[in-house]
Structure formats: structure tokens, C-alpha cells
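Descriptive structure summary
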Amino acid sequence: MSWLPSPEIIAQLGLIVVVFNMLVLSAAFMVWMERKVCAYIQDRSGPNRVGFEGVLQPFADVIKLLFKEQLKPKAADTILFAIAPLVSTTAAFAAFSVVPFGTETTLFGLLDRPIPLEITDVNVAVLVIFAITSMGIYGIVLAGWSSNSKYSLLGGLRSSAQMISYELSYGLAMAAVIMMAGSLSLREIVMNQSGYWLGFIPRWYIWLQPLGFFIYLTAGVAETNRAPFDFPEAEQELVAGYHTEYSSMSFAMFFLAEYVNMVTVSAVATSLYLGGWLGPFLPDWLSWIWFLVKVFLILFFYVWMRWTLPRYRYDQLMEFGWKFLLPIAVLNLFVTAAIVLWVG
Amino acid sequence: MDVFAFYAFGAVAILASLLVIGQGNPMHSVMLLIVSFGALAGLYVLLDAPFTAVTQIIVYAGAIMVLFLFVVMLLNVPREEPAPPGVSALLGPTGTRLGALLSLLLGVEIVWALADMGIRRPESTASVSSVALIGSAIFLRHAFAFEATSVLILVAMIGAVVLARREHS
């Protein structure tokens, strides 16, 4: 069998395939979970016809979208109109490439050396996520502009201005955790959270950085244009947003990008604040189950917030980001720096 | 593999940069400039400088180019047409000769720079993160320059806010 590539390469390719499919399936799962949770919050039962408790509903939605006619406005800029959803989706998937979701494993002894469960481990992982998330903004801006429609342009500009504003608090909250952990690699940050205090309290950074967790999650929700910060998207109920001229699969790609962005923000939040894949009772090679549980909890919180809180008006949203969240994030950074210097 | 990646990134960077000035649609020019920055970031990674690559994407391609994009979008810059003959002095005989002279100077400079290079590959510092090295260089050896630069940026920001402020009449 010497014509086969080495087991490490096969394992790496397998990891890529698994992670990609997990992200796509998690987007489908999110569609179902959102509709079910929203229904039960509103005291009704949600989709329950397609499959058991409506589990096949997302697949029915995808099939419907595949058969829809793909439209393009006559005056739209063809190239940019076509690549805008691709930019959004590519950025969303690429950001997950440096997120670790399990300990090193030898896959039941098939491999010679243990491989870490993530696509790649660079020592600037946090910055890579930040950089790729910044690239995702271009998808929205291009979609808004290239549709050549007033509503699209306004929606795109507002959405991208919101994302840029909340990126600052997002980065500052991450910077506080990086200061405490002393490393930019997500794997090392998670490993710094292993162990227990008093035997039963896990050493997660959320206990040391509660304000940072709040800032990170709020900025993450605003970054993904979700929950109380979805005015640019709610425009489409009232007027129209950046994806008004998109139909069928292009529209599906924008929402796929949004859900995958949510999953990435949740995954990075668990790695930074909730101890990643660390947890009791499970053996090492099943540690990814704890990771999935924690990510699911944050995603549930996302959906819960969306259907409970009213949305911010756009000027309230920007004011909140610049005049409240940013000063608090800077204050958090100062206090963390002072304590790290004092203790270290 | 590294050589292939170098040629690929280099070709993309050169092609994108040429198209930025070579084609007429300003929005496409902005996007092509972003592509060329991405290729430059790839070249930085090949040079064992992942932090520089990521910072290039975050700062240049992610922030500064968004500013460019907003300006081009909001000002609605029209498509650039090649100038009709007889209008611009730049295309006359004097302009063409001056352009040729400048191109010759550029070519000579490039050849001189590339021929005189002592190629030194930096020692592999895989054990120490490059970010730590950059941090210690910025904050220890060049601390004064760093602080002075931040004051300069603050002055520029204040100036921009003052200039853009609407007069209350």
C-alpha cells in the first residue's frame, strides 16, 4: 500500500472533511433549533411535520432554495455581485481552521504520533481569527454596493459600520485573555485552563474575567448581526437589507455564513473563557463532546436572546458600541494588566 | 512546495497591482488592491513572519481598505476612461520621453538592488514565538519611537475630527 499517502496526511485530510461537514451540519441544526426554540418561547410548537419534531425541516428549506430562480438586477455589477456571497462564506469557514476542539489523539492507535484535533495550530491563532473576521465585512459591503439598489446600499453600509465598531471591543476582550494566558495560540490558552481549584471548581477564565466574557459575547453577537443588534437585518422586514437582491443559493450562502460565524464566535468563546474541551468524566479521545456541549450552550443563549430581547435602533446600537462597550473593554484591559503585573 | 507558493503569491501580487492601475472601474481597483495585500501576506508567511502577515491583513486589508472602499462607494467615483488624444500633455512627446527615462531609472535601480543582495536567512526561532520577539523589540529597544508614533497618530485623528466637523451656524 505504498501508493497511499502517509497516515498523517490522510488524517489531516480527514480532519478537514470532518470539520467542514460539521460546520455545514451545524448551520442546518441551527436553523431547526432556532425555529423550535423560538416556537416554544412563543408558546407554540414550531415545525413538526417534516420528520420527527421537524428535524428534516432545514433540509426541506435547502431543497426549496435550490429550486428557486436565481435573479440578478440588470444594473448590478456582475463580478462583485457574484463574489460577495462567496467572500462571506469563505471567511466564515476559514476562521474555524485554527479552533482546537479536542486533545491530541492517535485515533485508536492508527497513527504513529498523536495529532491535535484541529486543522492547524499556528502560534498567532487568535490574530488569524480576528483577521479573517475582518475580511468577512467585505462580503456585506460588496453585496450592498453591487446590488445597485438604495436599500441594499444603506443596509450594507450600516451593517459593515456596525461590524467595524464592535470589532474593537471584541479585540480588546480577547487581548485581556491573551495577557492572562501569555500566548496567542488557542490550544495553549485552553491548556492554561486545565486543573481545578479546591478540587471541583475548574480553572476557567470566565471566573477570572466575567466582565471580559460579557464584553466578548456582546461584541460577538453584534459582529454576527444577531439578536438585539440585528437592525441591518431587520431592515429587511421593514425595508430591505444588504441581501435583498439575492435569491436562492446566494441568499442561502449569506445565511450559511451568518450561522457559521455564530458557531465560530461560540467556539472561540468556549476556548477563551470556558475551558475548551476540558471536562470531567470523559476520556481524552472523547473530549470533543465537552467542546460540543459548551458550544451548544452558547448557541442556545444566542437564540434565546434573539427571541426575548427587543432590538436596538441603529443609533442606539452605535452609541452602545462606542460610548459604553469600548470604554468598559479598555477598563477591563487596564485592570487585567495591573493584576497580571502585580501577581506575576 | 515553498518555491511554488512563492511564485504563485508573487504572480498574484504583481497581476493584481497591475490591474489596480490598469483597469477603469474604481471599485474593482479597490478589491484588486485587497487581493494584492493578501498575496503579500502570503509572502510574509513564507518568510517565517506569521505575525507580520496577520497584522498586514488586520490593519491594511481589514481596516484601511475598508476606509478606501467606503470613500469610493460614497463618492460614487465614475469609471475611468482613457483620455481622448490631443487632450493631455502627459501623452505628448515630452511626456513619453520623461516616462521612458523614469522607467529606465527604475529598471537600473531594481537590477542594482537585486544584484547587491547578501541573502541571509534568519536563524530559525521556532522555540520562541516571533510575537514575543517583536514585542520585546517594540517595547524595550524602540520604546521612544513607539510612543512618539502613537502621539502622532492621535494628532492626526484629532485633526481629522476637527476638519470633518460640521459648523454649527
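Residues numbered from 1 in each chain as written. Chains lettered and ligands numbered in written order. Predicted model: local features only at pLDDT ≥ 70, side-chain atom pairs only at ≥ 80, totals over all residues.

Looking only at helices and strands, chain A features 12 helices and four strands. Considering only C-alpha atoms, chain A reaches an extent of 60 × 60 × 45 Å along its principal axes. Long-range pairs, those at least 24 residues apart, make up 77% of the contacts in chain A between residues at least 6 apart in sequence. (Helix = DSSP H or I, 4+ residues; strand = E, 2+ residues; numbered from the N terminus. Contact = placed C-beta atoms within 7 Å.)

Each assigned domain of chain B is listed with its residue range as follows: domain 1 (1-79) and domain 2 (129-169). Distance between the C-alpha centres of domain 1 of chain B and domain 2 of chain B: 23 Å. (Domains from an automatic or database assignment.)

This brings us to unusual backbone geometry. All names here are of chain A. Even without glycine at this site, N148 takes up a positive phi of about 60 degrees. For N148, the location among the structural elements is in the loop between α4 (125-146) and α5 (150-181). Despite not being glycine, A227 has its phi angle at roughly 50 degrees, a positive value. Topologically, A227 is positioned in the loop between α8 (210-223) and α9 (231-238).

So, about the interface of chain B and chain A. Taken residue by residue, the interface counts 12 residues in chain B and 16 residues in chain A. Here the side of chain B that touches chain A gets nine residues from one element, more than from any other, and that element is helix α3 (residues 50-75) of chain B. Of the residues belonging to the side of chain B that touches chain A, the class tally is 10 nonpolar, two polar and no charged. (Nonpolar A, V, L, I, M, F, W, Y, C, P; charged D, E, K, R; others polar.)

The next point concerns the confidence of the model for chain B. Confidence in the prediction for chain B averages 84 pLDDT; 86% of positions are at 70 or higher. For this predicted complex, the interface confidence reaches an ipTM of 0.84, while the overall pTM sits at 0.86. (pLDDT = per-residue confidence, 0-100.)

The first and last C-alpha atoms of helix α6 (residues 143-164) of chain B sit 32 Å apart over 22 residues, in line with the 32 Å expected at 1.5 Å per residue. Burial analysis of α6(B) places just zero of its 22 residues in the buried class, a small minority of the element. (Expected span 1.5 Å × (residues − 1). Buried ≥ 20, exposed ≤ 12 C-beta atoms within 10 Å, placed from the backbone.)

Another aspect to go through is α3(B). Residue and element names in this part refer to chain B. The end-to-end C-alpha separation of α3 is 36 Å, in line with the 38 Å expected for 26 residues at 1.5 Å each. Within α3 the residues assigned to the buried category are P50, F51, A53, V54, Q56, I57, I58, A61, G62, V66 and L69. Looking at the residues trailing α3, positive phi occurs at N76, about 55 degrees.

Right, let's talk about the packing of helix α2 (residues 57-66) of chain A against helix α10 (residues 248-273) of chain A for a bit. In a packed pair of helices, the relevant descriptors are the angle between the two axes and the axis-to-axis distance. Residue and element names in this part refer to chain A. Running from N to C, α2 and α10 point in directions that differ by 140 degrees, and their axes come no closer than 7 Å. Relative to α10, the element α2 lies oblique. Of α10, the residues touching α2 (which contributes V62, L65 and L66) are S248, M249 and A252. (Axes fitted to C-alpha atoms, helices over the stretch in contact; angles between N-to-C directions. Parallel < 35°, antiparallel > 145°, perpendicular 65-115°, else oblique.)

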